[in-house]
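# Fold and contact review
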Amino acid sequence: MSKIKIKLIILGQLPVDLDKTKLSNWKSDVFEIVGQIDNYSIINNADGLSWEFSDENIVEQLPDTFEGDFLIAMTHVPLEDSYYARRFTNNRVCMTFYEMADILNNNNIPIENLVYRLLYSYTLIYKRHGNNIPSRDEITTFTHDESRGCLFDMNGIKSDVVYSTNKPTVCDSCVQRLTTERVPLNTIFKIQEELKAIKKGLYYRLADLIKKYPVWTLILSTISAFMIGTLGSLVASIIWEKLLK
Ligand SMILES: [Zn+2]
């Protein structure tokens, strides 16, 4: 399968610390990010009662043409119905870091992980719908309401996004549905493999390990401290015996 080409853009100012280089350098055998991540200004004000931006408002601000198979716009303004990603015509998607960045930061998950998750889920959506991203008006059933740490978790309760942005998976029932929708098995397996790289930073992985196994961590650190102490005394005795005495 040739790689899906995805165009990433930023819509408006991002008050969150997003590492564009890290996003651009992500390596995948199933998709590639084309060109640089361009910035587009937000030209309209919010038009919703709770300061959100309606779909009609957002679509006016997205580019009509772009390089690539589909486009993902990243913004920080609230979207319609409090969703964190909305689909539009002409293979365009808009995702927001509004509320999501706080949830991820509070759980020590890099905010780029949310973008990686969406890159993989929309790649599969594009494939399962015959190389097309269905717009929001089309009835689709690719998500499930239960949070399983899967790319297709609905995340109606936004805080559940933490389960699918740290080593996400494609759950068994989604694999089954993808195969019946003629997505090649090798593509699904490849994605499952690549998803393992979407994880927390090393420091927070170690902190999680310590939290999970506190007694073993204590035992190991005691043994290490004892061994370092013994080794230190041994080296000191050798130096004393051979060099100084
Ligand atoms: Zn699933």
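Model, not experiment: these values are computed from the prediction.

In terms of nonpolar packing, the biggest core is built from 54 residues, with M74 and F97 touching the most fellow members. Mapped by element, the contributors of at least two residues to this core are β1 (4–11), β2 (31–33), β4 (70–75), β6 (92–96), α3 (100–106), α4 (112–128), α5 (172–180) and α6 (185–195). A total of ten residues in this core trace back to one element, the largest contributor, which is α4. Ignoring any residue separated from it by four or fewer positions in sequence, one finds M74 in contact with L8, I9, I10, L11, L14, L18, L23, I37, M95, F97 and V115.

This part covers the coordination of the zinc ion. The protein atoms that coordinate the zinc ion are H144 (NE2), C150 (SG), C171 (SG) and C174 (SG), at distances of 2.0 to 2.3 Å. Between the four donor atoms coordinating the zinc ion, the angles at the centre fall across 104 to 118 degrees, so the site counts as tetrahedral. One chain supplies every donor for the zinc ion, spaced along it as H-x5-C-x20-C-x2-C. You can see C150 sitting in the loop between α4 and α5 and its partner C171 sitting in the loop between α4 and α5, a full 21 residues away along the chain.

Okay, the pattern of salt bridges next. Considering all chains together, one arrives at 13 salt bridges under this definition. In this structure, K5 and E32 form a salt bridge, with 3.5 Å as the shortest nitrogen-oxygen distance. With a gap of 27 residues between them, K5 in strand β1 and E32 in strand β2 connect regions that are remote in the sequence. Here K5 falls in the partly exposed class, since its relative accessible area comes to 37%. The residue K190 makes a salt bridge to D29 at a minimum N-O spacing of 3.2 Å. Taken together, the residues K190 in helix α6 and D29 in the loop between α1 (20–24) and β2 connect sequence positions 161 residues apart. Linked by salt bridges that have partners in common, D55, E56, E80, R86 and R136 make up one network.

For H76, the position within the fold is in the loop between β4 and β5 (85–88). As for H76 and V175, which are separated by 99 residues in sequence, their C-alpha atoms are 32 Å apart. With residues near it in sequence (within four places) discarded, H76 still touches Q13, L14, P15, V16, T96, F97 and Y98.

Here we come to the packing of aromatic side chains. With the rule as written, the count across this model stands at five aromatic pairs. Between W26 and Y116, the aromatic rings sit 4.0 Å apart at their centres with planes inclined by 25 degrees, giving stacked as the arrangement. Taken together, the residues W26 in the loop between α1 and β2 and Y116 in helix α4 connect sequence positions 90 residues apart. In this structure, W26 and Y116 share a single accessibility class: buried. Considering the side-chain rings of F70 and Y126, the 5.5 Å spacing of their centres and the 40 degrees angle between planes classify their relative orientation as tilted. Of this pair, F70 sits in strand β4 while Y126 is found in helix α4, placing the two residues 56 residues apart along the sequence. Y126 shares its class with F70; the two are buried. Taking the ring centre of Y83 as reference, the NZ or CZ of R86 above it sits at 4.7 Å. Sitting over the ring of F152, R128 keeps its end group 5.0 Å from the ring centre.

With that settled, the discussion passes to the side chain of S164. Considering the arrangement of structural elements, one finds S164 in the loop between α4 and α5. The buried category is assigned to S164, whose relative accessible area is 0%. Discounting chain neighbours no more than four positions away, the residues touching S164 are R117, G149, C150, D153 and N155.

All right, on to the UniProt feature "transmembrane region" (unreviewed entry) in the protein chain then. Mapped onto this structure's residue numbering, the UniProt feature "transmembrane region" (unreviewed entry) falls at residues 215–240. Between the end C-alpha atoms of residues 215–240 the distance is 38 Å, and the span holds 100% helix and 0% strand.

Our next topic: the pairing of β1. Among the eight residues that make up β1, seven are buried, leaving the element largely enclosed by the rest of the structure. Two elements, β1 and β4, share five bridges in a ladder whose sense is parallel. Bridging across to β4, I9 finds its partner in A73. With three bridges connecting them, β1 and strand β3 (residues 38–40) associate as parallel partners. By the bridge assignment for β3, L11 is matched with Y40.

Conventions adopted
Residues numbered from 1 in each chain as written. Predicted model: local features only at pLDDT ≥ 70, side-chain atom pairs only at ≥ 80, totals over all residues. Heavy atoms only, no water. Core = buried A, V, L, I, M, F, W, Y, C linked by side-chain atoms within 4.5 Å. Buried < 20%, exposed > 50% of the residue type's maximum accessible area, 1.4 Å probe, protein only. Helix = DSSP H or I, 4+ residues; strand = E, 2+ residues; numbered from the N terminus. Contact = heavy atoms within 4.5 Å. Donors = N, O, S within 2.8 Å, 3.2 Å for Na, K, Ca; no water. Tetrahedral: all angles 85-135°; square planar, octahedral: opposite > 155°, others 65-115°. Salt bridge = Lys/Arg side-chain N within 4 Å of Asp/Glu carboxyl O. Phe/Tyr/Trp six-rings, centres within 6.5 Å; stacked < 30°, edge-to-face > 60°. Lys NZ or Arg CZ within 6 Å of the ring centre and 35° of its normal. UniProt positions renumbered as here; feature names shortened; annotations may be inferred. Pairing = 2+ DSSP bridges.

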